[in-house]
Amino acid sequence: MIETHDLRRSFRTRGKAADVEAVRGVDLEVGTGEIFGFLGPNGAGKTTTLRMLATLLPPTSGIATVAGADLAREAGEVRRRIGYVPQGGSTDPAETGRGELVIQARLYGMSKGDAQRRAAEVLSTLDLEGAADRYIGTYSGGMRRRLDIGLGIVHRPAVLFLDEPTTGLDPQARARMWDEIRGLRELGTTVFLTTHYLEEADALADRLAIIDQGKIVAEGTADELKRQVAGDVITIGVDGAVEHVLEAVRAQPFVREASAEADVVRLYVDQGDIAVPQLIRTLDGAGLSARTLTLARPSLDDVFLRQTGRSLRDEEAAA
Amino acid sequence: MTALTRSAVDHPTTIRTTQGAPLVRTLRETWLIYRRSLILTLRQPVWVAMGLIQPILYLVLFGPLLDGATAASGQAGSAFNWFIPGLLVQTAFFAAAFAGFGLVAELRYGVIERMRVTPMSRFAMLSGRSLRDVTILLVQAGLMIVVAIPFGLGIDPVGAVLTLGLVALIGLTMSLFSYAAALVLKSEDALAPVVQGIALPVLLLSGILLPMSLAPDWLRTLSTFNPLTHAVDAARALFNGVWADPQIVVGVTIMGVLTVIALWVASRAFSRGTT
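Residues numbered from 1 in each chain as written. Chains lettered and ligands numbered in written order. Predicted model: local features only at pLDDT ≥ 70, side-chain atom pairs only at ≥ 80, totals over all residues.

Asker: Just to check I follow, could you spell out the overall build of chain B for this structure?
Answerer: For chain B, the helix and strand inventory stands at 13 helices and 0 strands. Helices and strands appear in chain B in the N-to-C order α-α-α-α-α-α-α-α-α-α-α-α-α. Within the span of chain B, comprising 275 residues, buried residues form 39% of the whole. When contacts within chain B are restricted to residue pairs at least 6 apart in sequence, long-range pairs at least 24 apart make up 80% of them. (Helix = DSSP H or I, 4+ residues; strand = E, 2+ residues; numbered from the N terminus. Buried ≥ 20, exposed ≤ 12 C-beta atoms within 10 Å, placed from the backbone. Contact = placed C-beta atoms within 7 Å.)

Asker: What am I meant to see in the sheet that holds strand β13 (residues 264-269) of chain A here?
Answerer: Strand-to-strand pairing in sheets goes through backbone hydrogen bonds, with the strands running parallel or antiparallel. Residues and elements named next belong to chain A. Spatial strand order, β12-β13-β11-β14: 4 strands in an open sheet with antiparallel pairing. Sheet topology places β12 (255-261) and β14 (290-296) at the edges, where each strand pairs with a single neighbour. Strand-to-strand twist of the sheet, defined as the mean angle between neighbouring strand axes without regard to direction, takes the value 15°. The pairing of strand β11 (residues 232-238) with β14 spans 6 bridges and is antiparallel. Within β14, the residue paired with Thr235 across the bridge is Thr294. Each of β11, β12 and β13 is contacted by helix α9 (residues 242-250), which is oriented at about 175° to β12, the strand it contacts most. (Pairing = 2+ DSSP bridges. Axes fitted to C-alpha atoms, helices over the stretch in contact; angles between N-to-C directions.)

Asker: Would you explain the sheet that holds strand β10 (residues 215-220) of chain A in this entry?
Answerer: Residue and element names in this part refer to chain A. Ordered in space as β6-β7-β8-β3-β9-β10, the 6 strands form an open sheet in which the pairing is mixed. The open sheet has two edge strands, β6 (82-85) and β10, and neither has a second partner. Neighbour to neighbour, the strand axes of the sheet diverge by 15° on average, direction disregarded. Sheet topology note: the strand β3 (residues 35-39)/strand β8 (residues 190-195) ladder contains 5 bridges and is parallel. Each residue of the ladder has a partner; that of Leu39, found in β8, is Thr195. Relative to the sheet, helix α1 (residues 46-53) contacts β3, β7 (159-163), β8 and β9 (207-212), its axis offset from that of β7 by approximately 150°. Here helix α6 (residues 171-186) sits on the sheet in contact with β3, β7 and β8, set at roughly 150° to β8.

Asker: Looking at this structure, how should I read the interface of chain A and chain B?
Answerer: A common way to state how big an interface is: give the accessible area lost once the parts meet. Taken residue by residue, the interface counts 43 residues in chain A and 33 residues in chain B. Elements that contribute at least two residues to the side of chain A that touches chain B include exactly α2 (75-81), α3 (97-107), α4 (112-125) and α6 of chain A. Here the side of chain A that touches chain B is composed, by residue class, of 16 nonpolar, 12 polar and 15 charged. (Nonpolar A, V, L, I, M, F, W, Y, C, P; charged D, E, K, R; others polar.)

Asker: Would you mind going over the domain arrangement of chain A with me for this structure?
Answerer: Domain parsing of chain A yields domain 1 (2-226) and domain 2 (231-297). Placing the centre of domain 1 of chain A and that of domain 2 of chain A at their C-alpha centroids yields a distance of 44 Å. (Domains from an automatic or database assignment.)

Asker: Hey, could you run me through the confidence of the model for chain A in this one?
Answerer: Detailed reading of the predicted coordinates is not advisable wherever pLDDT falls low. Scored by pLDDT, chain A comes out at a mean of 87, with 96% of its residues at no less than 70. α3(A) holds the highest mean pLDDT among the elements of chain A, 96, whereas helix α12 (residues 312-318) of chain A holds the lowest, 64. (pLDDT = per-residue confidence, 0-100.)

Asker: Honestly, the packing of helix α5 (residues 79-97) of chain B against helix α8 (residues 122-148) of chain B in this entry has me stumped. Any pointers?
Answerer: Relative orientation and spacing of two packed helices are given, respectively, by the angle between their axes and the distance between those axes. Residues and elements named next belong to chain B. Running from N to C, α5 and α8 point in directions that differ by 160°, and their axes come no closer than 10 Å. In terms of orientation, α5 lies roughly antiparallel with respect to α8. The hand of the α5/α8 crossing is right-handed. Between α5 and α8, the residues in contact are Phe80, Ile84, Leu87, Leu88, Thr91, Ala92, Ala95 and Ala96 and Asp133, Leu137, Gln140, Ala141, Met144, Ile145 and Ala148, respectively. Of the residues in the contact of α5 with α8, the class split is 12 nonpolar, 2 polar and 1 charged. (Parallel < 35°, antiparallel > 145°, perpendicular 65-115°, else oblique. Left-handed = near helix turned anticlockwise from the far one by under 90°.)

Here it is as structure tokens:
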């Protein structure tokens, strides 16, 4: 649904001899009907990439196909087939929710009657019927964000671009937004979203790409990416026979690495959820007992850390 | 299943989109943007009221001074027949010069970006808003003429209508330039000094407030390079039905050329950055 090859964008900056390269050769492939997450710290090139794919910014070089149309030669076709929800909102506070949806639908070429019907449909879908005829200036942040999404889907686009869809929302509104985005996938819409929240990429995206300093550093499902890191960590709390437990688990083919200290045995496995029941059976069979057994999965932050040497959480805290 | 899937499956609206010739589409989109922006402007009645009160203040508080001034300059006829066409031009010039501030707000709300992603004509984004500015301006100008009649303003109906046409052209040009500046500068703080810095000398050099015949030679020479001077002269000749005055052709031609330039500049600013 989206395919890019060596997409680049540089910006001229005053007082500097060289252009600043915001996006430095991005290759992406996004399948039909998937939620694709674009994860990276602020300034990594996420929004620049998104704006290029949404026809708002011409690429410096590289090619891209969006919803079956060539980005450079058929921008009009791309626009007809995509929806775009910008980061900072997209509505006029002096307009009503219904008013914005109707004009948006009409700008996509719908007749007055169709636009009104479709606006009513989107309002009910996003549970904004009660506020439909109120000025947007009176909406809560979550309501305004839902309306932004409504404006992006009013013409039923094949691809919806969402730029940081939950930034600034409280946890409840964020969970609500995640449900709406998953609902879009159920309708067959391809969703391309940027985020700097690890949890969001993890919870929402079918597949994701991690971008840093204008380059993609990792791509895959969240599970694949985490598995690349070092596997899962299992910690077994043991009463007494630490050496015996260590020996028993080391003999297992699925254990990559194991070490013991005081009364715990720590081991690295490829897939913790499969390893845990096998470990328990092994220990039982050997007549050994574990006091506790904890499984920790690496987070996307571990992935980012390994690829860039920096922690995304630190970047977030610094921002 | 979320609310989203449920309702969309229950009552799917068929989406028919009009294709049509590019010109027809652009006209339709201009109309849509015109209507929307006019409605949104009328929801802020303070601005509309301000626009009406200002010229009336000029009429009431400045107009009475004119009798003496015009007598001193040796011009014939009612002072108001000299003053009102100038005031109309000034209102058109200033009100439209500040149109960019509304666009800066829309840029900040994200409305412009949202519309840029739709397939709509970039020209319509611009023309719809400029026509809104011209509409409001014509209402203000019409009202000013009516209010000035009791002060002794003589009316030539054809002249008044033609003057309003010139006023519309000035308003269109200035609002287009103002939009172009707003799109480049993107903030009120940057826009205000630019608009003020250009508008004030242009106004002072135009002979709107006092006749340029009172000016020393160097100032009068300088004022002939000011397009607004010629627009004001043309407006005065038109309004009073002095059809033989060559300033009519000069002023209207200059404004027409400027309108074309403004259209080109603003269209470029609007489509810049997008393909």
